[in-house]
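So you can see what is in the structure, the chains are spelled out below.
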Amino acid sequence: MTRIAAVHGALPPHRHTQREVTDLVARTCLPPGADRRVLDRLHENARVRARHTVLPLDGYRALDGFGATNDVFIRSAVDLGARAVRGALRSAGLRPTDVDLLMFTSVTGIAAPSVDARLVTRLGMRSDVKRLPVFGLGCVAGAAGTARLHDYLLGRPDDVAVLLSVELCSLTFQRHDASPANLVATALFGDGAAALVALGGRRAVSGPEIVATRSRMYPDTEHVMGWDVGSTGFRVVLDPAVPDVVRQYLADDVREFLDEHGLKPKDVAHWVCHPGGPKVLEAVTEVLDLPDGALDVTWRSLADVGNLSSSSVLHVLRDTIEQRRPEPGTPGLLLAMGPGFCCELVLLRW
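All values derive from a computational prediction rather than experimental measurement.

1. Topic: the UniProt feature "domain: Chalcone/stilbene synthase N-terminal" (unreviewed entry) in the chain
In the UniProt entry, the feature "domain: Chalcone/stilbene synthase N-terminal" (unreviewed entry) is given for residues 4–197. Here residues 4–197 runs as 42% helix and 22% strand, with 6 Å between its end C-alpha atoms.

Listed below in structure tokens is the structure:
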């Protein structure tokens, strides 16, 4: 079976309290003299204490249009991505030349050549390394990317595969946009990256084992989450119905998936859940009837760095490995949801 040899997170240098971000949003998104009580309430209820950004807060005022913003994305994504991959390979005891597949995912910027292509020479990878850039999966991509590495390694059990996620959500915040969706996004999302190293079954390594995966698309939910792309970049689509979709579908999918492996939700020792936001996490806890503390690592990640889109679930996985120290042989479930609307489940054995 595929094993996860290492997970490494990387955060940009600028760290701000939630209040500092809220004040910036009030200055740049609300009309002059507008009542900011709704904005303050949204940001307070997000349960985020602080976030990291690729630019100092004053730097966002200088961005002029999508082109300039995307240029910042490319430069910053390459720098942050290099840090994440180097850290993950170092933790796994591997070199860049050992990597056979590099998958890159982001939904907060675009590049051609892609960010993974720009990293091959910079990191000293082989010229025949396979690359797979992925765009559009959004928050689900950390889990989906892990699952796709597993699919690849089942057919190539001697290989090393790396998933790199870089999400610079601050670059998508829309100035002069006081819509509820934009204000909620500015309350939740932060910047960050993560890299995961997975090894095929013929390589002896310690670490969580990927037992199985499950992908699920939900009908008539394309409007729930995504981007409207325009001259100012990515304008968030975030329907208030997201928690309702979770309540409608998630429990049946999780129980059916676990049942195929002789497990029930109460048997899962560690839940590695994407921190979509308080209402989503409350819905997950409710429909799966999770015990107190089951999502503590996820809640802590949300508070410490915000929602990092696809990078977040990888940060939660890293923190689970390092802080919870799961008992060998116990099952875990990694899960995330995203645009589509969709869900990705990855069954782990520690």
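2. Topic: the layout of surface pockets
Space inside the largest pocket adds up to approximately 640 Å³. Taken together, 27 residues line the largest pocket, and the ones lying closest to its centre are Val184, Leu188, Leu238, Pro243 and Lys279. Elements with a minimum of two residues in the lining of the largest pocket: α2 (37–45), α6 (180–188), α7 (242–259) and α8 (278–288). Looking at which element gives the most residues to the lining of the largest pocket, the answer is α6, with five residues. Per-class residue counts for the lining of the largest pocket are 19 nonpolar, five polar and three charged. Shared between two domains, the lining of the largest pocket holds at least three residues of each, these being domain 1 (1–197) and domain 2 (207–347). Roughly 410 Å³ of internal volume is contained in the second largest pocket. Tyr60, Ser170, Phe173, Gln174 and Arg175 are, among the 24 residues lining the second largest pocket, the residues nearest its centre. Looking at the lining of the second largest pocket, the elements that each hand over two or more residues are α1 (18–29), β3 (50–53) and α3 (65–92). For the lining of the second largest pocket, the element with the highest residue contribution is α1, accounting for five residues. Taken together, the residues that form the lining of the second largest pocket break down as ten nonpolar, eleven polar and three charged.

3. Brief notes about the domain arrangement of the chain
A common way to express how large an interface is: the accessible area buried when the components associate. Domain boundaries in the chain define domain 1 (1–197) and domain 2 (207–347). Once you take the C-alpha centre of each, domain 1 and domain 2 turn out to be 17 Å apart. At the junction of the two partners, domain 1 supplies 60 residues and domain 2 supplies 45 residues. Between domain 1 and domain 2, the buried area comes to about 4200 Å², and carbon and sulfur atoms account for 63% of it. Inspection of the region where domain 1 meets domain 2 yields four salt bridges. Linking Arg3 and Glu209 is a salt bridge whose minimum nitrogen-to-oxygen distance equals 3.7 Å. In this structure, the connection of domain 1 to domain 2 is made through 21 residue pairs in polar contact (both at pLDDT 80 or more). Elements with a minimum of two residues in the side of domain 1 that touches domain 2: β1 (2–10), β3, α3, α5 (141–155), β6 (160–168), α6 and β7 (191–199). It is α5 that contributes the most residues to the side of domain 1 that touches domain 2, nine residues altogether. Split into classes, the residues belonging to the side of domain 1 that touches domain 2 amount to 30 nonpolar, 20 polar and ten charged.

4. Regarding the side chain of Asn70
Mapped onto the secondary structure, Asn70 falls in helix α3. By relative accessible area, Asn70 is classed as buried at 11%. One polar contact links the side chain of Asn70 to the main-chain carbonyl oxygen of Ile110, over a distance of 2.7 Å. Aside from chain neighbours lying at most four places away, what touches Asn70 is Gly109 and Ile110.

5. Overview of empty space enclosed by the protein
Per the stated rule, a full pass over the model turns up two cavities of 30 Å³ or more. Around the largest cavity sit Phe66, Thr69, Asn70, Phe73, Thr108, Leu171, Thr172, Gln174, Thr232, Gly233 and Phe234, which together line it. Counting residues per element, the ones that place at least two in the lining of the largest cavity are α3 and β10 (233–238). Sorting elements by how many residues they give to the lining of the largest cavity places α3 first, with four residues. Here the lining of the largest cavity spans two domains, and each of domain 1 (1–197) and domain 2 (207–347) adds at least three residues to it. Within this model, the second largest cavity holds a volume of roughly 40 Å³. Forming the boundary of the second largest cavity are Ala269, His270, Trp271, Ala294, Val297, Thr320 and Arg324.

Thresholds, definitions, all that
Residues numbered from 1 in each chain as written. Predicted model: local features only at pLDDT ≥ 70, side-chain atom pairs only at ≥ 80, totals over all residues. Heavy atoms only, no water. UniProt positions renumbered as here; feature names shortened; annotations may be inferred. Helix = DSSP H or I, 4+ residues; strand = E, 2+ residues; numbered from the N terminus. 1 Å grid on protein atoms, 1.4 Å probe; cavity = no way out; pocket = protein on both sides within 12 Å on 5 of 7 lines; lining within 4 Å. Points joined across faces, edges and corners; volume = space filled by probe spheres on them. Nonpolar A, V, L, I, M, F, W, Y, C, P; charged D, E, K, R; others polar. Domains from an automatic or database assignment. Contact = heavy atoms within 4.5 Å. Buried area = accessible area lost by both parts, 1.4 Å probe. Salt bridge = Lys/Arg side-chain N within 4 Å of Asp/Glu carboxyl O. Polar contact = N/O pair within 3.5 Å; in protein donor to acceptor, adjacent residues only side chain to side chain. Buried < 20%, exposed > 50% of the residue type's maximum accessible area, 1.4 Å probe, protein only.

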